[in-house]
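Inside the fold
Listed below, chain by chain, are the residues.
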Amino acid sequence: MTLRLGVIGTGAIGQEHIRRCSKVLQGAKVVAVSDINVDGARAALKRLGLEAEVYADGHDVVTSGEVDAVLVTSWDPTHEEFTLAAIAAGKPVFCEKPLAMSAEGCRRIVDAEIKFGKRLVQVGFMRPYDAGYVALKKVITDGEIGQPLMLHCAHRNPTVPENYTTDMAITNTLIHELDVLRWLTEDDYRSVQVVFPRTTAKSHARLKDPQIVLFETQKGIRIDVEIFVNCAYGYDIQCEVVGEEGIAKLPEPQAVLMRKEAKLSEAILTDWKDRFIDAYDVELQAFINDATAGQLKGPSAWDGYAASVAADACIKAQNSGAIEPISLPTRPAFYAK
């Protein structure tokens, strides 16, 4: 069986997903796309050498009888609308982060999915599919370092555009850690504080950069995450878990060690798409396989909601400077692991 996919949004990430689903992965075919820029969507398909029905309205993709499952890669504020539409149509939907623009929006999706009675939503958190994070998770779950006590993490980008603001360090950047650290520790957050070191001269008036986000989990694990989105030197993701009996660190991406011009050096990636390209492939292949089998297993609408609740508290902590509580309701039995 070939899963017929409809893709809503043909920007950069939409085009990447269309490419991988059509030319890299197995078991799926992109049969319909939509974008507010219809000519741009047609041009994207032409560049990729593909043919598909092109719509101006994403709802037409959702309701098309030719579409079995939907990928939502459109402008962030439209994610909730199209995800809810896919649930109403009874179609599996892969929604890139954020699931919605607020925790309330995510909760509406959770409630709609529970009312439908079947998991239909997967959120585009790709890090649990990254080989390095999978290996780190195994060390923890196998008890090789004892119980985790502390995590030291960093999320660094070489640069960001002028429209990137202080709150986006949470909603666009930290959001990945908010999900993957819950997954790593199998724990939820209790509180958060955000502190601001000296601001880099490479930032601008609307962005405080870097930031340090300090969490305590329900089990008492302490987590610090450095967010530095104008670090200049490259795209760098770090995660170190300090356990009772040892320390485990996220492996570096594979790179050739060079001896040249009296220097010993190792290349650092500069593009997030390169760092997690394999994880995206594994993530989308899993969605295709699970949607075809009729049972989604990846990051759920509840995971999207939990990340959004934590993100809201982080933004509040940015503004208050205080330790802010993170209050997540009990996970519904519908989402039991």
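Counting restarts for each chain, with residues numbered from 1 along the sequence as it is written. Whole-chain, interface and lining totals are the exception, using all residues; otherwise, since this is a predicted model, local features are given only for residues with pLDDT of at least 70 and side-chain atom pairs are given and counted only at 80 or more. Neither water nor hydrogens contribute to the side-chain values; these are computed over all heavy atoms in the structure.

**Examining the sheet that holds strand E9 (residues 211-217)**
- Only strands that DSSP links by at least two bridges are regarded as paired with each other. Under the scheme used here, helices are H or I runs from DSSP no shorter than 4 residues and strands are E runs no shorter than 2 residues, and both carry numbers assigned from the N terminus. Here we have seven strands laid out as an open sheet, ordered E12-E11-E7-E10-E9-E8-E15, and mixed in their pairing. In this open sheet, the two edge strands, each paired with only one partner strand, are strand E12 (247-249) and strand E15 (324-325).
- Bridging between strand E7 (residues 148-156) and strand E11 (residues 236-243) involves eight bridges; their strand directions are antiparallel. The partner of His152 across the bridge, within E11, is Glu240.
- We call two residues in contact when some of their heavy atoms are within 4.5 Å. Angular values range over 0 to 180 degrees, each being the angle between N-to-C directions of two axes fitted as lines to C-alpha atoms, with helices fitted over their stretch in contact. Against the sheet, helix H7 (residues 168-185) makes contact with E7, strand E8 (189-195), E9, strand E10 (222-228) and E11, and its axis sits at roughly 150 degrees relative to E10, the strand it touches most.
- Along the sheet, helix H10 (residues 301-320) contacts E8, E9 and E15; its crossing angle with E8, the most-contacted strand, is approximately 35 degrees.

**Description of the sheet that holds strand E6 (residues 121-124)**
- Judged by pairing direction, the sheet is parallel, and its six strands sit side by side in the order E3-E2-E1-E4-E5-E6 without closing on themselves. Each edge of the open sheet is held by one strand with a lone partner, namely strand E3 (53-55) and E6. Each strand of the sheet is rotated relative to its neighbour by a mean of 25 degrees, with strand direction disregarded.
- Pairing analysis gives six bridges linking strand E1 (residues 3-8) to strand E2 (residues 28-34), with the strands arranged parallel. Within E2, the residue paired with Val7 across the bridge is Val33.
- Contacts from helix H4 (residues 79-88) reach E1, strand E4 (69-72), strand E5 (93-96) and E6, with the element oriented near 170 degrees to E5.

So far we have only geometry, and geometry alone does not tell us how the molecule works.
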